[in-house]
Amino acid sequence: MSTLKGCDVTKGQASLGVRSFKAVDLSVELVPERPTKPDLRGAPFGSVFTDHMLSVQWTLAQGWEPPQITPFRNLSLHPACSGLQYAIQLYEGLKAYRGADGRLRLFRPLLNMDRMVRSAERACLPVFDQAELLECIRRLVELESEWVTESDPASLYIRPTFIGTETFLGLRRPTRALLYVVLSPGLGTYFSTGAPGSDLALWAEPKYIRAWRGGTGDVKMGGNYGGSLAPQCEALEHGCQQLLWLYGDNQQITEAGTMNIFLHWTNEKGVEELATPPLDGLILPGVTRQSILELAREWGVCQVTERVLTMEQLLWGLEEGRVTELFGCGTASLLCPVGRVRYRGEDFLIPHQESGVPLSTRLLKKLKDIQYGRVASDWTFLV
């Protein structure tokens, strides 16, 4: 377990020799009176927000302004701002968890900060010192800590967002930008899969493409997700919650809805394997994905690979009885077993491991034990 002080930041604004905002300059304006907190039971994921937010303004002329924590409020944006007109926008997602010891922990936040800087560079937005933003976020989470109860399902979702606020009807590098962070407490899960314990159903449809080589599929930009809404609505019409995204003539499997995906099976060489698509420009480098890979490699229970997987391979593996399980993973969803894939009008059922504890169950337990502080780990940072 680590603290945020002394973070080794090797990328970002500081290493580029460019001035960044500083957490030491953070100002705090509190709400005059804390309102009564709503009942979170039954509240959909991401529908409730805490009392305060963090914001930092940037202009080309003046650079970064001092960061501010203020009461939660609506933004005032020019109708022609580039974040609205040209989708010059990105975001991140991470969580804080309260352990049995009563302390709040962030899960691998430096990975989120590093990815946010890469996304900013791709969007032509200014970069910043990750450690400084992380310390500002820590202060905000600390201020709102009473929103997080001591229960395993409870967490505080942290949504840093970065938008171009250039007021110009033309596509160019923004000269104005706004970075802000809001917090959403919750008890629920990201996906609704029906009855408790039921698994996710995915619709595999080759006509829709989530990302392409040379595009923005490997960074966390809002446009990646807005374009997936219509296909997702069509997936619902086919009785599925999300898409199994395919790419190319060979219909390679890339992601599951908004999640990375893993296949646990006995591969073509007869070797037990946990496989996930590679980071080849099509795949978002998920923090949960990286954590699962590291845990599975440390355990050494099977071969762990990052390689191209195709729909043909999945169907062959199912026909031959080689598939043990298929699951998606992400910050909001954590780990979601897939129970069914619908492809070309036919449902293909994903089997459950018949004996022993499924690898996905072991991974989920280990991740939650780390996040809630039940086991010591340098992946968590105390708030």
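Everything quoted here is computed from the prediction, not taken from an experiment. (Residues numbered from 1 in each chain as written. Predicted model: local features only at pLDDT ≥ 70, side-chain atom pairs only at ≥ 80, totals over all residues. Heavy atoms only, no water.)

We now examine the overall build of the chain. Within the chain, the regular secondary structure consists of eight helices and 20 strands. Each principal axis of the C-alpha atoms in the chain carries an extent, and together these give about 60 × 50 × 40 Å. The proportion of buried residues among the 383 residues of the chain is 54%. Within the chain, residue pairs in contact and separated by at least 24 positions form 74% of the contacts whose partners lie at least 6 positions apart. Total accessible area on the chain stands at roughly 17500 Å², and carbon and sulfur atoms take up 50% of it. Side-chain charges in the chain split into 39 positive and 43 negative, and the spacing between the mean points of these groups amounts to 3 Å. (Helix = DSSP H or I, 4+ residues; strand = E, 2+ residues; numbered from the N terminus. Buried < 20%, exposed > 50% of the residue type's maximum accessible area, 1.4 Å probe, protein only. Contact = heavy atoms within 4.5 Å. Areas by Shrake-Rupley, 256 points an atom, 1.4 Å probe, with all protein chains shown as cover. Lys, Arg positive; Asp, Glu negative; His and termini not counted. Charge placed at Lys NZ, Arg CZ, Asp CG, Glu CD.)

For the rest of this paragraph, the subject is a nonpolar patch on the surface. Among the surface-exposed residues, Leu-75, Leu-77 and Leu-84 lie close enough to one another that they form a single nonpolar patch of about 250 Å² accessible area. Inspection of the secondary structure assignment puts Leu-77 in the loop between strand S4 (68-71) and helix H1 (82-85). Of the residues examined, Leu-77 reaches a relative accessible area of 32% and is grouped as partly exposed. (Patch = residues over 30% accessible without salt bridge, like charges linked within 9 Å, V, L, I, M, F, W, Y side chains within 5 Å. Salt bridge = Lys/Arg side-chain N within 4 Å of Asp/Glu carboxyl O.)

Once that is clear, we can look at the nonpolar core. Ranked by size, the top nonpolar core spans 38 residues in total, and within it Leu-54, Phe-128, Leu-133, Ile-158, Phe-162 and Leu-179 carry the most contacts. Every element with two or more residues in this core is listed here: strand S2 (52-59), strand S6 (94-98), strand S7 (104-107), helix H2 (109-122), helix H3 (130-143), strand S8 (155-164) and strand S9 (176-186). Of all the elements, H3 adds the most residues to this core, at six residues. When neighbours within four sequence positions are excluded, Leu-179 is seen to be in contact with Phe-21, Leu-54, Ser-55, Val-56, Trp-64, Met-116, Phe-128, Leu-133, Thr-161 and Phe-162. Membership of the second largest hydrophobic core comes to 24 residues, among which are Leu-263, Met-311, Cys-336 and Val-341. (Core = buried A, V, L, I, M, F, W, Y, C linked by side-chain atoms within 4.5 Å.)

Relative to the assigned elements, Ile-283 resides in the loop between strand S14 (272-276) and helix H6 (287-299). Between the C-alpha atom of Ile-283 and that of His-352, which follows or precedes it by 69 residues, the distance is 26 Å. With residues near it in sequence (within four places) discarded, Ile-283 still touches Gly-217, Asp-218, Thr-254, Glu-255, Asn-260, Pro-277, Pro-278 and Arg-289.

Turning next to the pattern of salt bridges. With the rule as written, the count across this model stands at 22 salt bridges. When the shortest N-O distance is used, the salt bridge between Glu-146 and Lys-37 registers 2.6 Å. In this pair, Glu-146 sits in the loop between H3 and S8 while Lys-37 sits in the loop between strand S1 (27-28) and S2, placing the two residues 109 residues apart along the sequence. One salt bridge connects Arg-307 with Glu-273, and the closest N-O pair in it is separated by 2.9 Å. With Arg-307 in the loop between strand S15 (303-306) and strand S16 (309-310) and Glu-273 in strand S14, this pair connects stretches of sequence that are 34 residues apart.

A few words on the packing of aromatic side chains. Summed over the entire model, instances satisfying the criterion amount to 13 aromatic pairs. Where Tyr-91 meets Tyr-225, the ring centres are 5.5 Å apart and the plane angle is 55°; that geometry is what we call tilted. Remark: Tyr-225 occurs in helix H4 (residues 222-226) and Tyr-91 occurs in strand S5 (residues 89-91); sequence separation between them is 134 residues. Grouping residues by exposure puts Tyr-91 and Tyr-225 together as buried. Consider the rings of Tyr-97 and Tyr-372, whose centres lie 5.0 Å apart with planes at 70°: the pair is edge-to-face. One end of the pair, Tyr-97, is in strand S6; the other, Tyr-372, is in the loop between helix H8 (359-371) and strand S20 (380-382), with 275 residues separating them in the sequence. With relative accessibility at 5%, the residue Tyr-97 sits in the buried group. Among the aromatic side chains, those forming a connected cluster through ring pairs are Phe-21, Trp-64, Phe-128 and Phe-162. (Phe/Tyr/Trp six-rings, centres within 6.5 Å; stacked < 30°, edge-to-face > 60°.)

Let's shift gears to the pairing of S9. Of all eleven residues in S9, nine are buried, a share of seventy percent or more. In this structure, S8 lies alongside S9, joined through ten bridges in antiparallel fashion. Residue pairing across strands places Phe-162 opposite Leu-179, the latter belonging to S9. (Pairing = 2+ DSSP bridges.)

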